[in-house]
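Close look at the chain arrangement
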Amino acid sequence: MDPLVLMAIKEILFVEEDDDAMNIASQMMGASYASGTAAIIGLMANRNQRETHFRPQGYCEMTENYLDDDYQRLFRMKPDTFDVLLQYLRMKYPSIAMPYSGGLQPVSAKKKLQVALMYLSSQMTLRRIGDILGIADSTVMVAKDEIVEMLCRSAKYFIRWPTEAVAQTISNEFQEIAGFPGVIGVIDGSHISAKFRKTIGNSYINRKMFKSVVLQGVCTSKRFFTLIFVGAPGRVHDARVFRLSSLKRAINQKGRKALFYQDRYHLLEDPAYALTSYMIVRYKHRNLTVAQKRFNKRHSQTRVKIENTFGLLKGRWARLQHINTYKHEKISKTVTAACVLHNFCLLQHDYIDHLVYNEPQQIIQDPLGVAPNEAVQYQLGLAKRLQITATLV
C-alpha cells in the first residue's frame, strides 16, 4: 500500500474513536490508492461539516402582533418605548447592526435588544432565551453583553446630577409630599444578591447573611436616579460605601457648595449615614420633643421615595433579585444597565407600578461616627437640622 495512504489510516485510527471511522480505516487497509484517497477525502469532509441544530424562527417578527400589555409583560417596556430605545442604540452605536459578509446571517439589532431585555427582566437562563428566540446559547451571551455594555456607556446621558435650575424643581416636588424643604434627592443602599467564588465570597456576605454587592442610589420624588454607585461588597457599611462613592469624590474635588448650590439643598438618608450640611438624618435619641417627632415623620414620608425606587427597579428588572454570575465586573454592569433602562422608561412615561418588588425589612445599621475631618460638617448639619425643625409646622 502507498505510504501516504498508510499514514492517513494510522492518523484516522489514532484520532478517531467512533465506529464509522474505524470501519472506513479497516476497509482501506486492502484498498487501492485511488479508492483509499477518496475514502479519506469523504471522511475528512464529514468531519469538517457544520452541524445544523434546529432553531425555531420567526418569534422576533411575531412579537409585532402582541398587544401593548403582552409586549410590556415580556420585555418590560411598551413597543413604542422599545422602538425609541432601538433607534437610539442604532444611532449612537452603529456597530449594533453588523453588515452581512457571507455565511450565517448575523443577529439583527432588534433581536439583540430583545435578548438583553429578556435577560434583565427575568431569571430565565441563557439557554431558555436562546430556545425562545431561535439562537445559540453563546450568541445569547454575546448579544446580551454587547447591549449591556452600550447601556453602561450611555449611563452618563440618562443618570445625571441635577443642574441648579432643575434642583429647584426637584426641591419643590419633594416639598409637596410632606412640606420638607430644600431636598435635592434621597439616598440609600440596596443589596444585589449574586454569586461569588469561595476565595472572596466572605467579603460579600452582608448583615442579612447572603452574598451581595451594594447599589447606592440617589433619586428624585419622580423616582428618577440622579446618581448611582455600584459594586461595593455587601459587607461594607452604608456610610463607608458613601465615602467610597463617586458623589463623595465629587464633593471632595468640587466642594459641597458646587454640588448643593451654596448649601441651599441637601439629601435625606437614614441614621446609618453621618449628619452633615448636605446630608440630613432624622433624630435618633429618645424623649423627642413634639417638633422633633414632626421632623422625623416628615423626613420619613419624604425619604421613602428611595425605597419605592429600588422596589420598582427590582420589580421591573427582575435579574437584580439575583445575578447568577461569578464575575464582579459583569454584576456591576448588569446593575448599571438596569438603572439606565429604569430612567429611560420613566422618561418615555412607560410605567409598571404593579411590579414593585418588596424587599426584606431593612436593618438599620449603627452609625460609624463622625470622622475627624468631618467634625465641622457635623456642626453645620446640626445647625441646619435645627433650622429646618423650626420651620416645620
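Let me sum up the structure you'll find in this document. (Residues numbered from 1 in each chain as written. Predicted model: local features only at pLDDT ≥ 70, side-chain atom pairs only at ≥ 80, totals over all residues. Heavy atoms only, no water.)

**A look at helix α9 (residues 137–153)**
Helix length check: α9 (17 residues) gives 25 Å between terminal C-alpha atoms against 24 Å at 1.5 Å per residue, within 8%. Within the sequence span of α9, burial applies to Val140, Ala143, Lys144, Ile147, Val148, Met150, Leu151 and Cys152. Residues of α9 that are buried in the fold lie against α6 (79–92), α7 (109–120), α8 (126–133), α10 (155–158) and α17 (328–347). (Helix = DSSP H or I, 4+ residues; strand = E, 2+ residues; numbered from the N terminus. Expected span 1.5 Å × (residues − 1). Buried < 20%, exposed > 50% of the residue type's maximum accessible area, 1.4 Å probe, protein only. Contact = heavy atoms within 4.5 Å.)

**Quick look at unusual backbone geometry**
At arginine 223, a residue that is not glycine, the phi angle is positive and equals roughly 75°. Along the chain, arginine 223 falls in the loop between β2 (212–219) and β3 (225–233). Positioned with a positive phi, asparagine 287 is a non-glycine residue whose angle comes to about 55°. Mapped onto the fold, asparagine 287 is located in the loop between β5 (279–280) and α16 (290–316).

**Thoughts on the packing of aromatic side chains**
Applying the stated rule across the entire model yields 13 aromatic pairs. Arranged with centres 5.7 Å apart and planes meeting at 80°, the rings of tryptophan 161 and phenylalanine 260 form a pair that is edge-to-face. Of this pair, tryptophan 161 sits in the loop between α10 and α11 (164–178) while phenylalanine 260 sits in the loop between α15 (256–259) and β4 (266–268), placing them 99 residues apart in sequence. Judged on exposure class, the residue tryptophan 161 and its partner phenylalanine 260 are both buried. (Phe/Tyr/Trp six-rings, centres within 6.5 Å; stacked < 30°, edge-to-face > 60°.)

**Looking at the side chain of threonine 325**
Relative to the assigned elements, threonine 325 resides in the loop between α16 and α17. Side-chain polar atoms of threonine 325 contact the backbone nitrogen of lysine 327, separated by 3.5 Å. Ignoring any residue separated from it by four or fewer positions in sequence, one finds threonine 325 in contact with Lys195, Lys330 and Ile331. (Polar contact = N/O pair within 3.5 Å; in protein donor to acceptor, adjacent residues only side chain to side chain.)

**Looking at the pairing of β3**
Most of β3 is tucked away: eight of the nine residues are buried. Examined bridge by bridge, β2 and β3 share seven bridges and lie antiparallel to one another. Bridge pairing links cysteine 219 to phenylalanine 225 in β3. Following β2, the chain reverses through five residues before pairing antiparallel with β3; arginine 223 in that reversal takes a positive phi of roughly 75°. (Pairing = 2+ DSSP bridges.)

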